[in-house]
Amino acid sequence: MQQKAGVRHLRSLTPCDDYPRAVGRVLTEVVLVDGVRTAFGRAGENGVFWRTRADDMVVKLVRELLRRQPALPPERVGDVIVAATAQVGDQGLTLGRDVALLAGLPQSVPGFAVDRMCAGALTAITAGAGEIALGAADVVLAGGVEHMGHHPMGEEVDFNPRFVSERLVDTSAVTMGATAENLHDAFPHLTKEDADAFAVASQRKAAAAWENGMAAHTVVPMSVFSDSGWTVADRDEYLRPDTTLEGLAGLRTPFRAGGRVTAGNSAGLTDGAAMCLLASDEAASELGLEPSLRLVGFAFAGVEPELMGLGPVPATKRVLEQAGLSIDDVGLFELNEPFAVQVLTWCDGMGVAPNDPRLNPHGGAIACGHPLAATGARRAAQLAYGLRERPDVRYGLTALCIGMGMGAAVLWESLH
């Protein structure tokens, strides 16, 4: 049977006698139509989102995505998937369903919550893509939120004592900064000076992104209440465009005496949300939506928990193998920057120079912050913008490491 454009055939499984064989069942192509995020605020009482609920941040983005797509009937949304790492308080309950109702979507629209720590939003995207591919929905809203001021990392988590007593993982695995120091140990040629240089470059690229319009296109201003009254959250609070190597050299190393990981070459604790609109290619055509990206493939991988920053390397290799591509076929990389050394290990493992112009051309989490479960959707939205600006590039990659020793990678094809 000849494969139609926009669909992929599933390999048939041997059915039970009681069930008929699904003849010619196909996978529908999935496209990303749009992606937006809030500004990313400093976590804690001095941050711009301190008096704002996490779920309300997502509601703002859902409404903005629908406002940008007036031809999309709200009832056509087949699911709302929202990730959060701390699934408590204003990030608790079934967050996707709560957001759908709060945003004014019809009661017929379902929703749910997911957690894969830093890959929460990417997992929401791939889960939604699976629904679309199999025909369970043809339009999905997917993303994530993390209010790290309201819910500090690890708070209310009861780690099973067997992890330590049975030596299932090294004790450093539960402290992300310690895992970054472990990477420096494992790759001694990746020095603190290398990490600091990467951090300075990230800050400068992020500052340029705000000047050239990329951030204005993806960041949705939001009115928020503060101790001094109402204000507008419309700019990332961790931006430091005047960062210098000299300034970073003297910062303390909180995770280890004489270490190499500092606040300057790491992402700050951040509040923020990001959401994407996904659709089948047929629904996008029917509704007059203009997709930016086609999802080519995705992969998740596990590594040693105490070296969690290595996770994107096997995940990237796996998704490239699925697609039959090499790293040289990819023209734009959006890699998360929880720690500069983590990006450097990916570069080392994939044969990509840290100053390669394909890598994070608009800066990354070191400059804008990393609200855990939200970051994957930010990277997808940023990639869509970057590929629109680069019509000569066909493929782009979003990838990140995940706590407890995992990695994620999603491969996209530009539709521009």
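Worth saying up front: this structure is predicted, and the values here are computed from it rather than measured. (Residues numbered from 1 in each chain as written. Predicted model: local features only at pLDDT ≥ 70, side-chain atom pairs only at ≥ 80, totals over all residues. Heavy atoms only, no water.)

Participant: Looking at this model, I keep getting lost on the confidence of the model for the protein. Mind explaining?
Facilitator: Detailed conclusions should not be drawn from predicted coordinates in areas where pLDDT is low. Residues of the protein with pLDDT of at least 70 account for 94%, and the chain-wide mean is 93. With pLDDT under 50 throughout, residues 1–7 is counted as low confidence; its partners more than four residues away or in other chains account for 13 contacts. Considering only residues more than four positions removed or in separate chains, one finds that residues 9–16, a stretch of pLDDT under 50, has 15 contacts. (pLDDT = per-residue confidence, 0-100. Contact = heavy atoms within 4.5 Å.)

Participant: What am I meant to see in the environment of Ala43 here?
Facilitator: Here Ala43 lies in the loop between β4 (41–42) and α1 (54–68). Sequence separation between Ala43 and His150 is 107 residues; the distance between their C-alpha atoms is 7.9 Å. Every residue in contact with Ala43, bar those within four places of it in the chain, is listed here: Met148, Gly149, Leu269, Thr270 and Asp271. (Helix = DSSP H or I, 4+ residues; strand = E, 2+ residues; numbered from the N terminus.)

Participant: Even after reading the chapter, I still don't get the packing of aromatic side chains, so can you show me in this structure?
Facilitator: Geometrically, a pair of aromatic rings is defined through the distance of the ring centres and the angle of the planes. Counting across every chain of the model gives three aromatic pairs. Here Phe333 and Trp346 contribute two aromatic rings whose centre-to-centre distance is 5.2 Å and whose plane-to-plane angle is 65 degrees, an arrangement assigned as edge-to-face. Of this pair, Phe333 sits in strand β12 (residues 330–335) while Trp346 sits in helix α11 (residues 340–350); the two residues are 13 residues apart in sequence, bridging distant segments of the chain. Residue Phe333 is classed as buried on the basis of its relative accessible area, which comes to 1%. Between Arg235 and the ring centre of Trp210, over which it is positioned, the NZ or CZ distance is 4.9 Å. (Phe/Tyr/Trp six-rings, centres within 6.5 Å; stacked < 30°, edge-to-face > 60°. Buried < 20%, exposed > 50% of the residue type's maximum accessible area, 1.4 Å probe, protein only. Lys NZ or Arg CZ within 6 Å of the ring centre and 35° of its normal.)

Participant: What is the right way to look at the packing of helix α3 (residues 120–133) against helix α13 (residues 375–389) in this model?
Facilitator: A packed helix pair is summarised by two numbers, namely the angle formed by the two axes and the spacing between the axes. For the pair α3 and α13, the least separation of the axes is 5 Å and the interaxial angle reads 70 degrees. In terms of orientation, α3 lies roughly perpendicular with respect to α13. Contacts between α3 and α13 pair Ala121, Leu122 and Ile125 from the former with Gly376, Ala377 and Ala380 from the latter. Looking at the contact of α3 with α13, its residues break down into five nonpolar, one polar and no charged. (Axes fitted to C-alpha atoms, helices over the stretch in contact; angles between N-to-C directions. Parallel < 35°, antiparallel > 145°, perpendicular 65-115°, else oblique. Nonpolar A, V, L, I, M, F, W, Y, C, P; charged D, E, K, R; others polar.)

Participant: Help me out: how do you make sense of the nonpolar core in this one?
Facilitator: Note that soluble globular proteins tend to have their nonpolar side chains buried in a common cluster. Phe333, Trp346, Leu359, Leu397 and Leu411 are the most contacted members of the largest nonpolar core, which has 44 residues in total. Counting only elements with at least two residues in this core, the list comes to α5 (176–186), α6 (192–212), β11 (293–302), α10 (312–323), β12, α11, β13 (395–402) and β14 (406–414). For this core, the leading source of residues is α11, giving seven residues. Aside from chain neighbours lying at most four places away, what touches Leu397 is Thr316, Val319, Val330, Leu332, Phe333, Glu334, Trp346, Leu383, Ala409, Val410 and Leu411. (Core = buried A, V, L, I, M, F, W, Y, C linked by side-chain atoms within 4.5 Å.)

Participant: What is the right way to look at the pattern of salt bridges in this model?
Facilitator: Any two side chains of opposite charge can pair if their charged atoms end up close together. One pass over the full model with this rule turns up 19 salt bridges. Because the salt bridges share partners, they merge into one network encompassing Glu29, Arg294, Arg394 and Glu413. (Salt bridge = Lys/Arg side-chain N within 4 Å of Asp/Glu carboxyl O.)

Participant: Please clarify how the pairing of strand β7 (residues 139–147) should be interpreted in this entry.
Facilitator: Regular strands have side chains that alternate between both faces of the sheet. For β7, a buried count of nine out of nine residues is recorded, marking the element as mostly surrounded by other parts of the structure. The alternating pattern of β7 places Val139, Leu141, Gly143, Val145 and His147 on one face and Val140, Ala142, Gly144 and Glu146 on the opposite face, and all of these are buried.

Participant: In this structure, what is going on with the side chain of Asp55? I would like to understand it.
Facilitator: Residue position: Asp55 is located in helix α1. Judged by relative accessible area, Asp55 falls into the buried class, the value being 7%. Ignoring anything within four residues of it in the chain, the contact list for Asp55 reads Asp90, Leu95, Val99 and Leu102.

Participant: Would you take a moment to explain α3 for this structure?
Facilitator: Three- or four-residue spacings in an α-helix give side chains the same orientation, since the helix completes a turn every 3.6 residues. Relative to the 20 Å expected for 14 residues at 1.5 Å per residue, α3 spans 20 Å between its end C-alpha atoms, a close match to the ideal helical length. When you tally the buried positions in α3, you get 12 out of 14 residues, the bulk of the element. Every buried residue of α3 is accounted for by Gly120, Ala121, Leu122, Thr123, Ala124, Ile125, Thr126, Gly128, Ala129, Glu131, Ile132 and Ala133. Just past α3, the residue Gly135 takes up positive phi, approximately 85 degrees. (Expected span 1.5 Å × (residues − 1).)

Participant: Help me understand the packing of α10 against α11, please; the structure alone is not making it clear to me.
Facilitator: Packing of α10 against α11 leaves a shortest axis separation of 9 Å and a crossing angle of 45 degrees. As the angle between them shows, α10 and α11 are arranged oblique. Relative to α11, the crossing made by α10 is right-handed. From α10, Pro312, Val313, Thr316, Lys317 and Leu320 reach across to α11, where they touch Gln342, Thr345, Trp346, Gly349 and Met350. (Left-handed = near helix turned anticlockwise from the far one by under 90°.)

Participant: Please clarify how unusual backbone geometry should be interpreted in this entry.
Facilitator: Trans is the prevailing form of peptide bonds, just as negative phi is the prevailing case for residues other than glycine. Here Leu93, not a glycine, exhibits a phi torsion of approximately 60 degrees, which is positive. Assignment of secondary structure puts Leu93 in the loop between β5 (79–83) and α2 (95–102). One non-glycine residue with positive phi stands out, namely Glu156, at about 65 degrees. For Glu156, the position within the fold is in the loop between β7 and α4 (162–165).

Participant: What is the right way to read the environment of Asp234 from this model?
Facilitator: On the secondary structure map, Asp234 appears in the loop between β9 (229–233) and α8 (245–249). Through-space distance from the C-alpha of Asp234 to that of Pro221 is 4.4 Å; in sequence the pair is 13 residues apart.

Participant: Explain the side chain of Ser292 here, please?
Facilitator: Tracing the chain through its elements places Ser292 in the loop between α9 (281–287) and β11. Note on Ser292: relative accessible area 5%, which makes it buried. Excluding its chain neighbours within four sequence positions, the residues that come into contact with Ser292 are Leu32, Val33, Ala384, Arg388, Glu413, Ser414, Leu415 and His416.

Participant: How should I be thinking about the pairing of strand β10 (residues 270–280) in this particular structure?
Facilitator: Most of β10 sits inside the fold, with 11 of its 11 residues counted as buried. Side chains Thr270, Gly272, Ala274, Cys276, Leu278 and Ser280 project from β10 onto one buried face, and the interleaved Asp271, Ala273, Met275, Leu277 and Ala279 project onto a second face that is buried too. Sheet analysis places β4 next to β10, joined by two bridges and oriented antiparallel. Looking at β10, one finds that Gly41 is bridged to Asp271. As judged from the nine bridges shared by β7 and β10, these two strands associate in the antiparallel manner. Of the residues in β10, the one forming a bridge with Gly144 is Ala274. (Pairing = 2+ DSSP bridges.)

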